[in-house]
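What follows is each chain in one-letter form.
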Amino acid sequence: MQEIPLSQILFVSTALFFIGMYGLFTRRNLITMLMSIELMLNSVNINFVAFNKYLFPDHLDGLFFTLFIITIAAAEAAVAIAIIINLYRSHNSIDVENATEMKN
Amino acid sequence: MSNYLYILWIPLLPLATFVILGIFGRKYLSSIAGLLGTASLLTSTILSFVAAKQYFFVDGKVNGVYQKIVALKYTWLEFAPNMSIDLGIIIDPISVMMLVVVTSVSLMVHVFSLGYMKGEERFATYYAFLSLFTFSMLGLILSSNIFQVYMFWELVGVSSFLLISYYFNKPAAVAASKKAFIVTRFADLGFLIGILILGYYGGTLDIGLLIERFTSVHSTQFLSITSASFLGASMLTWGLTLVFMGGAGKSAMFPLHIWLPDAMEGPTPVSALIHAATMVVAGVYLVARMFPVFTMDESALNIVTYVGAASALFAAIIACTQTDIKRVLAYSTMSQIGYMMFALGISKNGGENGLGYMASMFHLFTHAFFKSLLFLGAGSVIHMVHSNEMKDMGGLRKLMPITHIAFLIACLAIAGIPPFAGFFSKEEILTAAFHENKIIYGIALFTAALTSFYMFRLYFNIFWSKDAPADNHHESHGEGPWVMKLPLLILAACAVGVGFIPFSQFITSDGAPIETHIDVVFSIVPVALSVLAILLAASFYKNQNGKSDKVAAAFGGLYTAAHKKFYIDEVYLFITKKIIFPFIGQPIAWADKNIVDGFMQWLAKITLKVSVLIKGLQSGKVQNYAMYFFGGIVVLSILFIYIWK
């Protein structure tokens, strides 16, 4: 089987990253924004794994990093959802446009 | 050399009492606060008697001369090699003598206060402050380093402030405490500068070393301090005069005396302790401590002499006209301290020439007992009639027999009638003055007569003058409980007995005992003058006959001036209110408000402006913040990739 070149994998991860960024900036719904952030994190994970495999095949650092990031992303999602629930309780919506108490 | 370390406990016990009563006193210990304070002080007193016995009779003497012993030395702050602030304990004749005086007078006051202050709301606080004062006074006495003296000196000032303003809901007491604090603080500024001058030229702050260096004429330190001069006086004169200024402030010497009469607003036992027997003699003690250095400089000693003599005379004249019994006693204290000061001033160092020094210390010793007795007696009287004014008293001798006898003994002692204590010490001072300086002798003699006059004016006004008060509500509580009578009796016994101590065997300027004897012929004049003054007072005041008013009218202006305390307070008020406040205080206040504060406010304004400008960036929209964040990352990436490769 022919190997996929590194550049294509990087292309995929870059695309994933900017899709995530687009989502983060355009969506008003906090849950969607959280999903977009997860997309960005995963694009980074792909980068780690790809560079590890292509550049330093005899090392495992990149893989472990990915494992750590997955763990932390899970924790972070839990915290973020707790925040979102609290926001919903106080504002009755999870639309970021409605939570502008920090203005000025 | 034997061990004197246990002396450390003498000041530490009152300190511990202060801490315990200060923290727990009001809530938990208010019923036993007095007993606790008295018990700890009793222990201190016993320890100091043990120390005195050990020092004077067992091992203080080497080859017939009392030694200076440094019992403890601990380097506390070292700012340069050989230049450090040490904490130490010095044992020499005067410090041991002062230990005995301070602890025993303080003990008497503690016992007396058990009765006098009973039922006060802040009883525990009162005892806490008394303990703090006793601790700082004992610390001052034992200090081996002049900076350590200064620290305890300030502590003494603070505790005096606290005790004067004990009745803090009385405006007069608050004003008096502030006055006492500010006046003595002002004097302490001089003291500090004096310490710095002596320390700078002497290269040390240790009292023993300073004395050693400044008394040997060939030492480099002595040469440098005497050759440097400022405004026509050598730096040695300046340093000693400034140190004396600190002493004059605490000892209420003219013209820094104005706080002492007002300080009588404090509770009477406090006046007995602080403003009669212990704190006010700190100035005398300080001069005595530095005495060998003072003898190296004629002009500084002359200042001590004349300030002392002027205060003695000045205060005695005022005392003749005051009507508040505590104020009379305050001026009498000032006058007696003046005595001690000029006795030091006319003295020389060493041998028979050091008679003045020994006489001064002797007078300090006897004065502490009879003056605290007078104050405690006055306390008893005030406790009974609830007034400080002479006109509310009279005829009390039947109602208060014990107080009457004690007060009479103290009056005879201060008047210098043999065989009471004051006679012996005053004779020594007069003898020394007669040999050294005839002018001073004249002033001293006149002051002695005045002293007898105003003391017996006080005595007759309180205990004779009128018939016993008709309304008998006084009878109900009599002379007060035995805790108030016992100290009077003990102190009265001291006022009779302490004069017979062969003081010159123990305390002299150089430690070697000298021989003194009472010259009967010499004593005739002062004693006769005192007796005459007493008879004069008796004829004026024993019965109300109006003679005194006629004499007062005959003196006219002088009487009014003395009654108004020679307008010294008014002079101070004029200087501060009319000169210092508008010409110095207000420009400085202006500069502080407009320049110092102005700069700070300008900084605050700039910060406010900037924050208003950048406030718009805070949109409150979380996505905008994310945008800035990514924008920042992009900028950083460009910087790292293309510019700082």
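Right, let's walk through the structure included here.

1. Thoughts on the overall build of chain A
Each helix and strand counted, chain A has 3 helices and 0 strands in total. Seen in sequence order, chain A has helices and strands lined up from the N terminus as α-α-α. Taken against the 2.2 N^0.38 rule, which gives 13 Å for 104 residues, the C-alpha radius of gyration of chain A at 17 Å runs more than 25% over that of a compact globule. Projecting the C-alpha coordinates of chain A onto the three principal axes gives extents of approximately 55 × 30 × 25 Å.

2. What about the overall build of chain B?
In terms of regular secondary structure, chain B is built from 26 helices and 6 strands. Taking the principal axes of the C-alpha coordinates as reference, chain B spans close to 110 × 70 × 50 Å. Within the span of chain B, comprising 645 residues, buried residues form 51% of the whole. When contacts within chain B are restricted to residue pairs at least 6 apart in sequence, those whose partners lie at least 24 apart make up 79%.

3. A few points about unusual backbone geometry
With an omega of 0°, the peptide bond running from B:F254 to B:P255 counts as cis. Relative to the assigned elements, B:P255 resides in the loop between α9 (235-250) and α10 (259-262). Unusually for a residue other than glycine, A:N92 sits at a positive phi of about 60°. Note on placement: A:N92 falls in the segment after α3 (61-91). With 9 C-beta atoms counted inside 10 Å, the residue A:N92 sits in the exposed group. If you check the backbone angles, B:A252 has positive phi at about 55° while not being a glycine.

4. As for helix α22 (residues 520-541) of chain B
All names here are of chain B. With 22 residues, α22 should cover 32 Å at 1.5 Å per step; its first-to-last C-alpha distance of 31 Å lies within 8% of that length. When α22 is considered as a whole, its buried residues turn out to be P526, V527, S530, A533, I534, A537, F540 and Y541. Buried positions along α22 lie against α17 (401-415), α18 (421-436), α19 (438-463) and α23 (547-555).

5. Things to note about the interface of chain A and chain B
Contacts between the two partners involve 9 residues from chain A and, on the opposite side, 10 residues from chain B. Broken down by class, the residue content of the side of chain A that touches chain B amounts to 5 nonpolar, 2 polar and 2 charged.

6. Structural notes on the packing of helix α1 (residues 6-26) of chain A against helix α2 (residues 30-55) of chain A
Residues and elements named next belong to chain A. Two numbers describe how α1 lies on α2: the axes approach to 8 Å, and their chain directions differ by 165°. When the interaxial angle is binned, α1 and α2 end up roughly antiparallel. Here α1 runs over α2; the crossing is left-handed. Along the contact surface, α1 presents L6, I9, L10, V12, S13, L16, F17, I19, G20, M21, G23 and L24, while α2 presents T32, M33, S36, I37, L39, M40, N42, S43, I46, N47, A50 and Y54.

7. Details of the pairing of strand β3 (residues 69-80) of chain B
Residue and element names in this part refer to chain B. Taking burial as the measure, the 12 residues of β3 include 1 buried ones, a minor fraction of the element. In terms of strand pairing, β3 meets strand β4 (residues 83-91) through 9 bridges, oriented antiparallel. Residue pairing for β4: L72 is matched across the bridge by I89. Remark: 2 residues form the turn of the hairpin made by β3 and β4, two consecutive strands paired antiparallel; N82 in that turn has positive phi of roughly 65°.

8. Observations regarding the environment of B:F342
Residues and elements named next belong to chain B. Residue position: F342 is located in helix α15 (residues 325-346). Looking at F342, the number of C-beta atoms within 10 Å reads 30, which means it is buried. Between the C-alpha atoms of F342 and Y306, which are 36 residues apart in sequence, the distance is 6.7 Å. Not counting the four nearest positions on each side in its chain, F342 is found in contact with T305, G308, A309, A312 and I440.

9. Things to note about α18(B)
Over its 16 residues, α18(B) extends 24 Å from the first C-alpha to the last, a length consistent with the 22 Å expected when each residue adds 1.5 Å. Counting buried residues in α18(B) gives 13 out of 16 residues, a clear majority hidden from the surface.

10. Section: the packing of helix α16 (residues 355-385) of chain B against helix α21 (residues 482-497) of chain B
All names here are of chain B. For the pair α16 and α21, the least separation of the axes is 9 Å and the interaxial angle reads 150°. The angle between α16 and α21 places the two elements in the roughly antiparallel class. Note that α16 runs across α21; the crossing there is left-handed. For the pair formed by α16 and α21, the contact residues are F369, F370, S372, L373, L376, G377 and S380 on the first element and M484, P487, L488, L491, A492, C494 and A495 on the second. Per-class residue counts for the contact of α16 with α21 are 11 nonpolar, 3 polar and no charged.

About the thresholds
Residues numbered from 1 in each chain as written. Chains lettered and ligands numbered in written order. Predicted model: local features only at pLDDT ≥ 70, side-chain atom pairs only at ≥ 80, totals over all residues. Helix = DSSP H or I, 4+ residues; strand = E, 2+ residues; numbered from the N terminus. Rg over C-alpha atoms; globule rule 2.2 N^0.38 Å. Buried ≥ 20, exposed ≤ 12 C-beta atoms within 10 Å, placed from the backbone. Contact = placed C-beta atoms within 7 Å. Expected span 1.5 Å × (residues − 1). Nonpolar A, V, L, I, M, F, W, Y, C, P; charged D, E, K, R; others polar. Axes fitted to C-alpha atoms, helices over the stretch in contact; angles between N-to-C directions. Parallel < 35°, antiparallel > 145°, perpendicular 65-115°, else oblique. Left-handed = near helix turned anticlockwise from the far one by under 90°. Pairing = 2+ DSSP bridges.

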